[in-house]
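# Analysis of the macromolecular model
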Amino acid sequence: MRYYLDAEFNGFGGALIALALAPEDGSAPFYAALDCPDPTPWVATHVLPVLGTTPVTREALGSALATFLAGDPDPVVIADWPEDIAHAAMALIARPGYRHPVARITFELCDAPGFDAASASAVPHNALADAIALREFMLSHS
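Attention in this report is confined to the structure presented alongside it. (Residues numbered from 1 in each chain as written. Predicted model: local features only at pLDDT ≥ 70, side-chain atom pairs only at ≥ 80, totals over all residues. Heavy atoms only, no water.)

## Some remarks on the sheet that holds strand E4 (residues 76–79)
Spatial ordering of the open sheet is given by E3-E2-E1-E4-E7, a layout of five strands whose pairing is mixed. The two strands at the open ends of the sheet, each matched to only one other strand, are strand E3 (30–33) and strand E7 (106–109). Adjacent strand axes in the sheet meet at a mean angle of 25 degrees when their direction is disregarded. Contacts from helix H3 (residues 82–91) reach strand E1 (2–9), strand E2 (16–23), E4 and E7 within the one sheet, and its direction differs from that of E1 by about 95 degrees. Of the strands in this sheet, E1, E2, E3 and E4 are in contact with helix H5 (residues 127–140), which crosses E1 at around 140 degrees. (Pairing = 2+ DSSP bridges. Helix = DSSP H or I, 4+ residues; strand = E, 2+ residues; numbered from the N terminus. Axes fitted to C-alpha atoms, helices over the stretch in contact; angles between N-to-C directions. Contact = heavy atoms within 4.5 Å.)

Below, the structure written as structure tokens:
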């Protein structure tokens, strides 16, 4: 199945704050967040107020992500921004030399001309709402 990805992070190249996958079939999404102890001013103003979930540990996020994908033998994760893919892939690393158990995963960077998460999302800068907006945009333009 295809999953549409969005991630929020603490500024360009910054630490992961939230990660969401919106399944193509509209089934229950994945959404988890991490603590952000030293947010940039923009993140403090725009991302943290709309987080909408209690932060978990990095280990818990990675484990939950692997569990979420476990029932799918060939998940395809689609994002419109490369850094979202990097954060999702890094979330699957459990510790040095070990990863959370995902047998197979494909990441795809899509070209989404005209898509603007800030205007298309029901809750701009919330990873879950932004992932759902990306899914809706891509499905309506395929």
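## Examining the nonpolar core
The nonpolar side chains of a soluble globular protein tend to be buried with one another. Formed by 21 residues in total, the largest nonpolar core has its most connected members in Leu-5, Leu-16, Leu-19, Leu-21, Phe-30, Leu-61 and Leu-65. Where this core is concerned, the elements lending two or more residues are E1, E2, E3, helix H2 (58–69), E4 and H3. Not counting residues up to four positions away in its chain, the partners in contact with Leu-65 are Leu-19, Leu-21, Phe-30, Ala-88, Ala-91 and Leu-92. Counting residues in hydrophobic clusters, the runner-up holds 13 residues, among them Ala-20, Ala-22, Cys-36 and Ala-131. (Core = buried A, V, L, I, M, F, W, Y, C linked by side-chain atoms within 4.5 Å. Buried < 20%, exposed > 50% of the residue type's maximum accessible area, 1.4 Å probe, protein only.)

## Focus on the side chain of Glu-83
Turning to its location among the elements, Glu-83 is positioned in helix H3. No salt bridge is formed by the buried Glu-83, whose closest oppositely charged neighbour, Arg-58, lies at an N-O distance of 11 Å. The residues contacting Glu-83, other than those within four sequence positions of it, are Phe-9, Gly-11, Phe-12, Gly-13 and Gly-14. (Lys, Arg positive; Asp, Glu negative; His and termini not counted. Salt bridge = Lys/Arg side-chain N within 4 Å of Asp/Glu carboxyl O.)

## Regarding the pattern of salt bridges
Here the structure, examined in full by the defined rule, presents three salt bridges. Of the charged contacts, one joins Arg-2 and Glu-24 as a salt bridge, the two residues approaching to 3.7 Å between their closest N and O atoms. With Arg-2 in strand E1 and Glu-24 in the loop between E2 and E3, this residue pair connects regions lying 22 residues apart in the sequence. The class for Arg-2 is partly exposed, based on a relative accessible area of 40%. Here Glu-24 falls in the partly exposed class, since its relative accessible area comes to 28%. In this structure, the salt-bridge partner of Asp-74 is Arg-104, at a minimum N-O distance of 2.7 Å. Placement of the pair is Asp-74 in the loop between H2 and E4 and Arg-104 in the loop between strand E6 (98–99) and E7, with a sequence separation of 30 residues. Its relative accessible area of 49% is what places Arg-104 among the partly exposed residues.

## Brief notes about the side chain of His-87
Structurally, His-87 can be placed in helix H3. You can call His-87 buried: its relative accessible area is 12%. Once residues within four sequence positions are removed from consideration, His-87 is found in contact with Ala-7, Phe-9, Gly-14, Ala-15 and Leu-16.

## Some thoughts on the packing of aromatic side chains
Under the defined criterion, the tally for this structure stands at three aromatic pairs. With centroids separated by 5.7 Å and ring planes inclined at 50 degrees, the aromatic side chains of Phe-30 and Phe-68 adopt a geometry described as tilted. Pair noted here: Phe-30 is in strand E3 and Phe-68 is in helix H2, with a separation of 38 residues, a long-range link. Given the relative accessible area of 6%, Phe-30 is considered buried. A relative accessible area of 25% places Phe-68 in the partly exposed class. Taking 5.3 Å as the distance between ring centres and 50 degrees as the angle between the ring planes, the aromatic pair formed by Phe-115 and Phe-137 counts as tilted. Placement of the pair is Phe-115 in the loop between E7 and helix H4 (117–120) and Phe-137 in helix H5, with a sequence separation of 22 residues. (Phe/Tyr/Trp six-rings, centres within 6.5 Å; stacked < 30°, edge-to-face > 60°.)

By themselves these figures say nothing about function.
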